[in-house]
Amino acid sequence: MATTQLANTTSLRPDFIWGVSTSSFQIEGATREDGRGLSVWDVYCQSGAIKNHDTGDVACDHYHRYREDVGLMKALGVQAYRFSVAWPRVLPQGTGSANEAGLAFYDRLIDALLAAGIEPWLCLYHWDLPQALEERGGWLNRECTTWFADYAALAARRFGDRVKRFATFNEPSMFTLFGRSLGKRDRGREDELHRMIHHVNLAHGAAVDVLRASVAGASIGCIHNRQPCRPSSASEADAAAAARLSMYWNDVFPDPQCVGAYPASMRTAIEPHMQPGDMARICRPVDWFGLNHYSPVYVKENADSMLGYDFGDKPAGTPLTPIGWPIDPEAFRQTIQSVHARYGLPIYVLENGYGSFDEPDQTGSVNDGDRIEFLKAYIEAMNAAASSGADLRGYFIWSLLDNFEWDSGYSNRFGLAYVDYVSLRRIPKASFGWFAELIEAGRSS
Ligand code: GCO
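Structural notes, computed from the coordinates. (Residues numbered from 1 in each chain as written. Predicted model: local features only at pLDDT ≥ 70, side-chain atom pairs only at ≥ 80, totals over all residues. Heavy atoms only, no water.)

With respect to the sheet that holds strand E2 (residues 80–84)
The following threshold applies: Strand pairing follows a simple DSSP-based rule, namely that at least 2 bridges must link the two strands. Think of it this way: any DSSP run of H or I at least four residues long counts as a helix, any run of E at least two long counts as a strand, and we number them from the N terminus. Fitted lines through C-alpha atoms give the axes, limited to the stretch in contact for helices. The angle between two N-to-C directions lies from 0 to 180 degrees. Here a residue-residue contact requires only that any non-hydrogen atoms of the pair lie within 4.5 Å.
With respect to topology, eight strands assemble into a closed barrel ordered E1-E2-E3-E4-E5-E7-E10-E11, the strand pairing being parallel. Across the sheet, the mean angle separating the axes of adjacent strands is 25° when strand polarity is ignored. Where strand E5 (residues 219–225) meets strand E7 (residues 288–292), five bridges bridge the pair, whose relative direction is parallel. Bridge pairing in E7 links His-224 to Leu-291. Packed on one face of the sheet, helix H5 (residues 100–115) meets E2 and strand E3 (119–125) and runs near 170° to E2. Here helix H7 (residues 144–159) sits on the sheet and contacts E3 and strand E4 (165–170); the angle it forms with E3, its principal contact strand, is near 160°.

Laid out in structure tokens, this is it:
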């Protein structure tokens, strides 16, 4: 029994969806099993760049333990589960011959979800680009649009009889702005960034068309990370840097995809990469806006880095999560309302969560009361946004499991279930029970 009362959710729709989210590279492991090809993240991990030299080779071993993990979702009582397909697991070279063993894994996962009464939400791309395609230029090569559309067609053909919810990309602004292809945001590579941005937008539009044509009843969107970008000081330079970052972080993908135009101050930079008809190719009808939100970012001017910004100091006294992210539920409410006002689409929150350094106590329990407090505050901020008119349809916690947290490796823990990375045992945390109670209360209200 959680020590904290449940969140106020009285403004949420009766058919509101509660879920959890993960991604392929962060939980699957089995990176060299059953014909899977290498991804750019396997290669990056092999370089030793990740904290503690961690890799995705084992991760949570979800590839073998997926039934147990579906059992955890059933115990939570979630209506939906958002996962991603590893492109190199189903197309080892990114194009060409499909890998039957890889496709069969996702068949098994989807069938287990459906048998548990859990709706599968399939994200096509959560950053694990096939290395073979990176070596052919990756997102810098306009041909990647076609490779991605062909991959989407394969997923639609194979899974579209059972999967209706599709996300094209997870957080395109993150993997372009901070992606490995551009190193550590080297100055002078802005043109490459603009080329990647445009090609990913083209790939989104192409995939929407393929999914719409191939999957009866498809419900399609893109998942965007959206956070306020605030200046670290009152200086004009920091304010300009924050506004510039906000455009790249928040607008350069949803604006063309949902409104049909790049932000005005981007158009000159994108123009060299546009071909006639491109905006019509990008702006294809979607069914919802996927929102990932964690906290505001604070920005300062840095003329020596790409786009002339760096992350700056947070205001003194800002409450922080153990991994140093600001806790600001009001920013979440404002972000939801800004999405509602700007795009007018149904909104599914597909990531929100709390990073910490949980460890079991001497009884073997993980008492993450701080995560419960965070989730309660953010769910109530979401409830407030709904009461102000935002068309909120669902909330998926990041994440079901502790998992591979990119550059931080396994040190940061976001899971409702603790993962012992030696035994691979899953231990539901106090927040797991709290979330299950919240879902049950919603069902019985
Ligand atoms: C992201 C990704 C997730 C992260 C999560 C916590 O936003 O970076 O979608 O893969 O693990 O957001 O950082």
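As for the sheet that holds strand E8 (residues 297–301)
Sheet strands pair via backbone hydrogen bonds, and the direction of the pair is either parallel or antiparallel. The sheet built from three strands is open, its strands ordered E6-E8-E9 with mixed pairing. Edge positions in the sheet fall to strand E6 (229–231) and strand E9 (309–311), since each has one partner strand and no second. Across this sheet, the average inter-strand angle for adjacent strands is 45°, counted without regard to direction. For E6 and E8, the ladder comprises three bridges, and the chain directions are parallel. Counterpart to Cys-229 in the pairing with E8 is Val-297. Each of E6, E8 and E9 is contacted by helix H10 (residues 236–251), which is oriented at about 125° to E8, the strand it contacts most.

Let's talk about the side chain of Arg-371
Operational definition: Any pair of nitrogen or oxygen atoms within 3.5 Å is treated as a polar contact; in protein, a donor-acceptor pairing is required on top of that, and neighbouring residues in sequence qualify only through side-chain atoms on both sides.
Its place among the elements puts Arg-371 in helix H15 (residues 369–387). Reaching out from Arg-371, the side chain makes a polar contact with the backbone oxygen of Tyr-354 at a distance of 2.8 Å. Those residues within four positions of Arg-371 in sequence are excluded, and the remaining contacts are Tyr-354, Gly-355, Ser-356, Asp-358, Arg-413, Phe-414, Gly-415, Leu-416, Lys-429 and Ser-431.

Things to note about the packing of helix H14 (residues 329–343) against H15
Rules: If you view the pair so one helix is near and one far, a crossing is left-handed when the near helix is turned anticlockwise from the far one by less than a right angle, and right-handed when it is turned clockwise. Gly counts as polar in this scheme, as do all residues outside two lists: the nonpolar Ala, Val, Leu, Ile, Met, Phe, Trp, Tyr, Cys and Pro, and the charged Asp, Glu, Lys and Arg.
Taken N-terminus to C-terminus, the directions of H14 and H15 make an angle of 35°; their axes are 8 Å apart at the nearest point. Between H14 and H15 lies a crossing whose hand is right-handed. Together, Pro-329, Phe-332, Arg-333, Ile-336 and Gln-337 of H14 and Ala-377, Tyr-378, Ala-381, Met-382, Ala-384 and Ala-385 of H15 make up the contact between the two elements. A breakdown of the residues in the contact of H14 with H15 according to their chemical character gives nine nonpolar, one polar and one charged.

Some points on the pairing of E5
Stated formally: For the exposure calls, accessible area comes from a 1.4 Å probe over protein chains only, and a residue counts as buried if that area is under 20% of its type's maximum, exposed if over 50%, partly exposed in between.
Within E5, seven of the seven residues are buried, which leaves it mostly tucked inside the rest of the structure. Judged by which residues are buried, E5 turns out to be covered on both faces: Ser-219, Gly-221, Ile-223 and Asn-225 on one side and Ile-220, Cys-222 and His-224 on the other are all buried. As paired strands, E4 and E5 are joined by four bridges and run parallel to one another. Residue pairing for E5: Phe-166 is matched across the bridge by Ile-220.

Points about the site of the ligand
Defined as follows: Any residue with a non-hydrogen atom lying within 4 Å of a molecule or strand is treated as near it. Exposure was quantified through the Shrake-Rupley algorithm and a 1.4 Å probe, taking into account, for residues, occlusion by the shown protein chains and nothing else.
Inspection of the region around the ligand gives 14 residues, with Gln-26, Glu-171, Tyr-294, Glu-351 and Glu-405 positioned closest. Within the contact set of the ligand, an oxygen atom lies 2.6 Å away from a side-chain nitrogen or oxygen of Gln-26. Between Asn-170 and the ligand, the recorded distance is 3.1 Å, taken from a side-chain N or O atom to an oxygen atom. Relative to its free-state accessible area of 320 Å², the ligand is covered by the protein chains to the extent of 94%. A class-by-class count of the residues in the shell around the ligand yields six nonpolar, five polar and three charged.

Concerning H15
Spelled out, the test is: Take the number of residues in a helix, subtract one, and multiply by 1.5 Å to get its expected span.
Compared with an ideal rise of 1.5 Å per residue, which puts 19 residues at 27 Å, H15 spans 27 Å between its outermost C-alpha atoms and is within 8% of the ideal. Along H15, the positions that sit buried rather than exposed are Arg-371, Ile-372, Phe-374, Leu-375, Lys-376, Tyr-378, Ile-379, Ala-381, Met-382, Asn-383, Ala-385 and Ala-386. Of the surrounding elements, those touching the buried residues of H15 are strand E1 (17–21), H14, strand E10 (347–351), strand E11 (392–398) and helix H16 (430–444).

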